[in-house]
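Structure assessment
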Amino acid sequence: MTVSRYICLGFLAIIALGTFLLMLPFSMSNGSWSDPITALFTATSAVCVTGLSVVDVGKDYSFFGQLVLLFLVQVGGLGYMTVTTFLLLLVGRKFGLRDKIAIQQSLDEPGMAGVLELVKSIIGMTLFFEISGVFLLMLRFVPDLGFREGVWSAIFHSVSSFNNAGFSLFPDSLIRYARSPIVNFTVTFLIIFGGIGYKVIMEIYLWLQCRFSKKSACIVFSLNFKIVTTTSITLLILGTLAILATEYNNSGTFGSFSWQEKIMAAWFQSVTPRTAGFNTIAIDKMTTAGLFITIGLMFIGASPGSTGGGIKTTTIRVLYSCTKAVLQGREEVECYQRQIPIVLILKAIGVTFGSLMVVIISTVLIALSDPKFQFIQILFEAVSAFATVGLSTGITASISTFGKLVLIATMYVGRVGVLLLMGALLGDPKPSGVRYPEENLFVG
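Residues numbered from 1 in each chain as written. Predicted model: local features only at pLDDT ≥ 70, side-chain atom pairs only at ≥ 80, totals over all residues. Heavy atoms only, no water.

**Observations concerning the packing of helix α11 (residues 223–247) against helix α14 (residues 313–327)**
The geometry of α11 relative to α14 is characterised by a closest axis approach of 9 Å and an angle of 90° between their N-to-C directions. The orientation of α11 with respect to α14, classified from their angle, is roughly perpendicular. Residues N224, I227, V228, T230, T231, S232 and L235 of α11 lie in contact with α14, whose contacting residues are T313, T314, I316 and R317. For the contact of α11 with α14, the residue count by class is four nonpolar, six polar and one charged. (Axes fitted to C-alpha atoms, helices over the stretch in contact; angles between N-to-C directions. Helix = DSSP H or I, 4+ residues; strand = E, 2+ residues; numbered from the N terminus. Parallel < 35°, antiparallel > 145°, perpendicular 65-115°, else oblique. Contact = heavy atoms within 4.5 Å. Nonpolar A, V, L, I, M, F, W, Y, C, P; charged D, E, K, R; others polar.)

Here it is in structure tokens:
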């Protein structure tokens, strides 16, 4: 039982528990047993913080069912090992070396020092952002829905937003609030901070703490911080401009909006593919260019150590730096006056190649089982599932049982990670003392 197998089986166990709970009659609003495939799909989508759904969450699930769904989203967003560690800390269990190694690998930390304190910080950070989101969303939901329903909707959407899940209690997601600045900016605020990773948030906190305390020596931002923040900002700006350009005159999306509302809607649709799954415009009415831009944003996804999926912003930045180095005729890959290790370059290539293979296989299988859908719709669904986004052109509920099983597997692979899953299947690599001679070949 390697660490990677422990993590992968842990996610499967949570999915199995969630499936059983969502099948129970008191999880459904009509009091009947749920279809097993529907329950499995919804539980997988929740634990993998995807947001794809074949049911109307607000209508088909009772309060208990919605509460179970929210619990699965919270566990999936924080990560199985983080939640398990926090629960064990509450009961006062002491952690051995193997436990600390598992936590360290699940959090992608370079060392084991302070991992337990880091888990506590992640939990505290999560509660801070989610509670802040609840109070902000209550300003709009309570007047519209009443106190009881408004508070619950604020809690549900705040947790779903920060964990980049994309589940909504409204049948049209957040389209009804497309013109509401409070809802738009609160949800995107939660999505961004949930998607940049706890390491980046901690560095921001330490920097602010240093500034307010007026210390002479402040922290030096890490390379990870610089890459994540600059890449995220660049993608948000470019995504907003691209979607604004492709949908500006589209009457099916925000063609009838004022120019301020168009910018706000374009901003929201630039943020949500990274990887939240909410939408304030009809995705199925977007232009083909707009859909393809969204696919690209979904595939890149969020940042490492976050609640989001995709190949991650750091991966795409490493590949960009590799391409730049080749074009400049350099043998070293550099970024912000730091040389990137060859191990990280190989990992970025492996993650990208493996992710492309998963998306291609998923797209092909769904195209074979559901030929009635257009290619762009199937590709959009496959990338949304792999990147744990949850956006859809509206075909999720109409996909065949086999297609739903393919999406379930795709969501699971996207959440645990291609490399981690392969490590769980193949086991830990064995060191080899054999070195082979080099030989050139033609590339490109």
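Anyway, onward from the coordinates.
**Quick word on the nonpolar core**
Grouped together as the largest cluster of nonpolar side chains are 75 residues, with contacts concentrated most on L22, L72, F156, F167, F254 and M298. Contacts of L72, omitting those with residues within four sequence positions, involve I14, G18, L22, A43, A46 and V47. One finds V151, I191, A276 and F278 within the second-largest nonpolar core, a separate group that totals 17 residues. (Core = buried A, V, L, I, M, F, W, Y, C linked by side-chain atoms within 4.5 Å. Buried < 20%, exposed > 50% of the residue type's maximum accessible area, 1.4 Å probe, protein only.)

**Observations concerning helix α15 (residues 342–369)**
For α15, built from 28 residues, the straight-helix expectation of 40 Å at 1.5 Å per residue is met to within 8% by its first-to-last C-alpha distance of 41 Å. The inward-facing, buried residues of α15 contact α13 (288–300), α14, α16 (375–386), α17 (401–416) and α18 (418–426). (Expected span 1.5 Å × (residues − 1).)

**Notes on the pattern of salt bridges**
Counted according to the given criterion, the structure contains four salt bridges. The closest approach of N and O atoms between D144 and R140, which form a salt bridge, is 3.0 Å. Pair noted here: D144 and R140 are both in helix α7 (residues 115–145), with a separation of four residues, about one helical turn. Overall, D144 belongs to the partly exposed group, its relative accessible area being 42%. Note that E261 is salt-bridged to R179, the shortest N-O span being 3.2 Å. One end of the pair, E261, is in helix α12 (residues 259–271); the other, R179, is in the loop between α8 (147–162) and α9 (181–195), and 82 residues separate them in sequence. (Salt bridge = Lys/Arg side-chain N within 4 Å of Asp/Glu carboxyl O.)

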